[in-house]
Structure formats: structure tokens, C-alpha cells
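# Per-entry structural report
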Amino acid sequence: MPHRPEQYLTEAINVEKLIPGGLSLGTLASGKKIMLWDALPGEVVTKCQITKNKSSYTEGIALECQNPSPFRVAPRDVCYLATSPWQIMDYEYELEQKKILLVEIFSQQKLTTLPDQDLAVATDKKDFYYRNKMEYSLYYAHEDQKIHLAFRARGSHQKIICDHSSLEHPEIWSYAREIVDQLNAKHAEARNYQSLLLRSNQNGEVSGGLYENHRPHPDFPTLHDTILGHDYSYSPNGFFQINLPVYEMALSEIRQHIKTHRVLDLYAGVGTIGLSVARDKELVLVECDGSAFQELRKNCSGTLAQPIHARSEDALEYIEPDQTVIVDPPRAGCDAKLIEKLLEIMPPSIIYLSCNPITQARDVHMLEGKYHITKVQPYNFFPHTPHLENLMVLELNA
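Throughout what follows, the structure given in this document is the object of discussion. Values in this document were obtained by computation on a predicted structure and should not be read as measured data. (Residues numbered from 1 in each chain as written. Predicted model: local features only at pLDDT ≥ 70, side-chain atom pairs only at ≥ 80, totals over all residues. Heavy atoms only, no water.)

Now for the nonpolar core. Nonpolar side chains tend toward joint burial in soluble globular proteins. Core analysis: the biggest nonpolar cluster contains 58 residues, and Tyr 136, Leu 138, Leu 149, Tyr 247, Ile 273, Val 277 and Leu 285 have the highest contact counts within it. With residues near it in sequence (within four places) discarded, Tyr 136 still touches Leu 149, Ala 150, Phe 151, Glu 168, Ile 172, Trp 173, Ala 176, Ser 195 and Leu 196. Counting residues in each nonpolar core, the second largest holds 36 residues, with Leu 111, Val 121, Leu 264 and Met 392 among its members. (Core = buried A, V, L, I, M, F, W, Y, C linked by side-chain atoms within 4.5 Å. Buried < 20%, exposed > 50% of the residue type's maximum accessible area, 1.4 Å probe, protein only. Contact = heavy atoms within 4.5 Å.)

Following this line, the structure appears as C-alpha cells:
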């Protein structure tokens, strides 16, 4: 397949604001909207690379700009655009921008019962070396005839060699370099591998390894971590929270809003929410993924919690009118059938943790007919990225 030539645009573009998704918004002379990476509000971009050109909008990467923002800082990593494109801004400014974007999302979704409270984004202030999981690409460089760790460039299929990364735990980076050194020592070919996935627990133990092309993904040794004083086992290549210290902050807040003896945890994963905040309650946890459910069963061992292997939208019979219901769905949000059932059964409180405030606000808007929001707390699980985790607590109207 022939390589598509790169396209550039040289035109003065006033950057207006950041938008949900993390890009900056501007308007071309033609009136067409353009969304840009590596640009901040107030800057004037004079040259950009076009990565997507649709009839109604254009996307690109800013290459040159005038009057740089006072909040712009030098990124730590060469690969920042691929891994953490908000490395270009001051960290306090990032937190403020995420708060502004959350308010905009709530306005777009027409939420009507928001409490009068500050929406400051919670953080443990550790904005680098926070990730306990990283997946790398491998790239063979003809210049030195060696395999290198790499990430895929934003807006293309090309790879960027990465000689330093500031996001993951240092022990993950060190282990990844050791694996690459071993591959180079035996003259392995990078094209034989899909990626390198590694995970570490809070004790610095690392598990994971190489994914080979055209072969099933291997089962890596299980890791263990302690969350709010409770031990959990999980697979390195399964779902587990990336930033545990900030996750514990969210769990501590959730625990304060459990007012019933019966608790239902939907989209439970390996059980870290329900088992951390309601282990002493009459607890039911629902998870559909087979691998995560096996870990959930292990984590429920020695407790009275009841793990259920099912999709949350297919386990509606477990919703009761005297429960606190916890939901932590994937980015797509809650299934419509689940929202309908909650409105029918009307449990006294719903605790909704989300990795996508847009779909969360959509779902909460549908619940507002019978519920009102009593608490909103955003968390910066992924510093220097546009991603934002948000907690909302809803209570049944009197």
C-alpha cells in the first residue's frame, strides 16, 4: 500500500479553547472548524500537519505557533503526543481545564439537579510515573540494526522510538529495556511481535511479556495488590485500575455514601469497588468477562459476597428497592435496559463512577426524573492526558 504524503497547512489559526476529547478548537479562514493537538487556548498556530480532513471539520497537529500560552511547558518525553498529549501544559492549568470541560459536558447534557459545589479535580499530585501498566510497540531501526521500544504516532500508523518514558512505574521501563536487550542479543525480528505488555504492583513486582503475532496471548503470572487494606489478585493482561493511589481516593469517597445494608456492584471487574467499600454488607457483584470473573471469585473467597457471572444488563433481577447500586461501566456507559430497570425499581441511591463523563452525564440525565445528584467528584486518574474519571452520587427523590 503506497505511503500517503503528509499534508500541511500554513494559515494563522486562533486557538479558542480545549474541547472534550483533548484537542484545541480553532476556525479556518473558510469558516471550517479545525481541531488541533499540541495547541493551547490563546495561541496562534501558523503551521500544522493535517491528520484528518472531513467535509465538516479538519484535525491536525500544530507545528508552529505565535505568542505561546503562559501555561505552556516543555514536555518531558519525545513520545508525548502518542502517550500523554497534555504534557505541554502546566499541571495546575490541566486540572483547571478538566474542571471547565466537565462543566461544559454537564451543560451540553442539560443536567438539572447538580449540587452547588466546587468541581475541583482531585489528585494525589503525583503526575509522573503513576501508571502501573504499559503496552509498547517494537520497532526495528535499520540505522543501528536493533529493536527499540516505540509507540504509535498520533494520527498515523507510524511508530516513534521511545528512549525515555515518564508515565509508567520505573520498574516497568527497566524490565521493558531488559526484554528488548534480550531480543537484540538473539537477533530477534520485531515484526514477529504484536506488542510488549507489562504491569507492576505497588511492591514493584513486574509481570507480563511479549505478544507474538498469530499466536494466542499467553497467561502471565498473577499479581497481587492491597487496596484500602484488602488484598486483590489480578491478571496483568486483564482489567485493573492504572493509578491505584488516586483510585483509593475515589473508593474512600464512595464508602461514605453507602447507607444501606444491601449493595449491588455492577460492571464489577475483579471486585475492587464493592469488596473495598461494602465487604461487611450483603453484597452482590456482577461481571461478564470470563477472566475477570475468575479473579472476582478468588477475591470474594472468605467473604459473604456473591459473585455473578453475567452482563449487567442481563442481571436486572438482582436490583432491589432497598439497595445501594454501584455502577462503573465501560466508556459506552450503562445499557438502556439497566437505566430503565433502575427507574422502575427505584433503589434509594446510585453511585456512578465513570471513565467517560459524556456518557455518564447522558445516563444521569435519564435518571434525573426520579433522582437528584448529591455529590460530584472528578479525579485525575491519568495526568497529562485528556482523560477524566468522574464520580456522581444520586439519591431517590422524596
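On to the sheet that holds strand S10 (residues 159-161), then. One open sheet holds the five strands; their spatial order is S10-S9-S8-S11-S12, and the pairing between them is antiparallel. Whereas interior strands pair on both sides, the edge strands pair on one side only; in this sheet they are S10 and strand S12 (206-212). Sheet twist, expressed as the average angle between the axes of neighbouring strands with direction ignored, equals 40°. Relative to S10, strand S9 (residues 146-152) is paired through three bridges, and the arrangement is antiparallel. Bridge pairing in S10 links Phe 151 to Ile 160. Strands in contact with helix H3 (residues 170-185) are strand S8 (133-141), S9, strand S11 (193-200) and S12; relative to S11, the strand with the most contacts, it is inclined by about 145°. (Pairing = 2+ DSSP bridges. Helix = DSSP H or I, 4+ residues; strand = E, 2+ residues; numbered from the N terminus. Axes fitted to C-alpha atoms, helices over the stretch in contact; angles between N-to-C directions.)

In this structure the tally under the stated criterion is eight aromatic pairs. In this structure an aromatic cluster arises from ring pairing among Tyr 247, Tyr 379, Phe 381 and Phe 382. For Arg 76, the ring lying beneath its charged end belongs to Phe 128, and the centroid distance is 3.8 Å. (Phe/Tyr/Trp six-rings, centres within 6.5 Å; stacked < 30°, edge-to-face > 60°. Lys NZ or Arg CZ within 6 Å of the ring centre and 35° of its normal.)

A few words now on the sheet that holds strand S20 (residues 371-379). Read from one edge of the open sheet, seven strands run S17-S16-S15-S18-S19-S21-S20, paired in mixed fashion. Looking along the sheet, the strands with just one partner apiece sit at the ends: strand S17 (306-309) and S20. Strand after strand, the sheet turns through a mean of 15° between neighbouring axes, direction not considered. Sheet topology places strand S19 (residues 349-354) next to strand S21 (residues 389-396); six bridges connect them, and they run antiparallel. The residue of S21 that forms the bridge with Ser 349 is Glu 395. In this fold helix H6 (residues 290-300) packs onto strand S16 (282-287) and S17, with an angle of close to 170° to the strand it touches most, S17.

Turning to the packing of helix H7 (residues 336-345) against helix H8 (residues 357-367), a few remarks are in order. Viewed as axis vectors pointing N to C, H7 and H8 meet at an angle of 30°, and their least axial separation amounts to 10 Å. As the angle between them shows, H7 and H8 are arranged roughly parallel. As for the relative orientation of H7 and H8, their crossing is right-handed in sense. Contacts between H7 and H8 involve Ile 339, Leu 342 and Leu 343 on the former and, on the latter, Asp 363, Met 366 and Leu 367. Split by residue class, the contact of H7 with H8 holds five nonpolar, no polar and one charged. (Parallel < 35°, antiparallel > 145°, perpendicular 65-115°, else oblique. Left-handed = near helix turned anticlockwise from the far one by under 90°. Nonpolar A, V, L, I, M, F, W, Y, C, P; charged D, E, K, R; others polar.)

These figures come from the coordinates and say nothing about function on their own.
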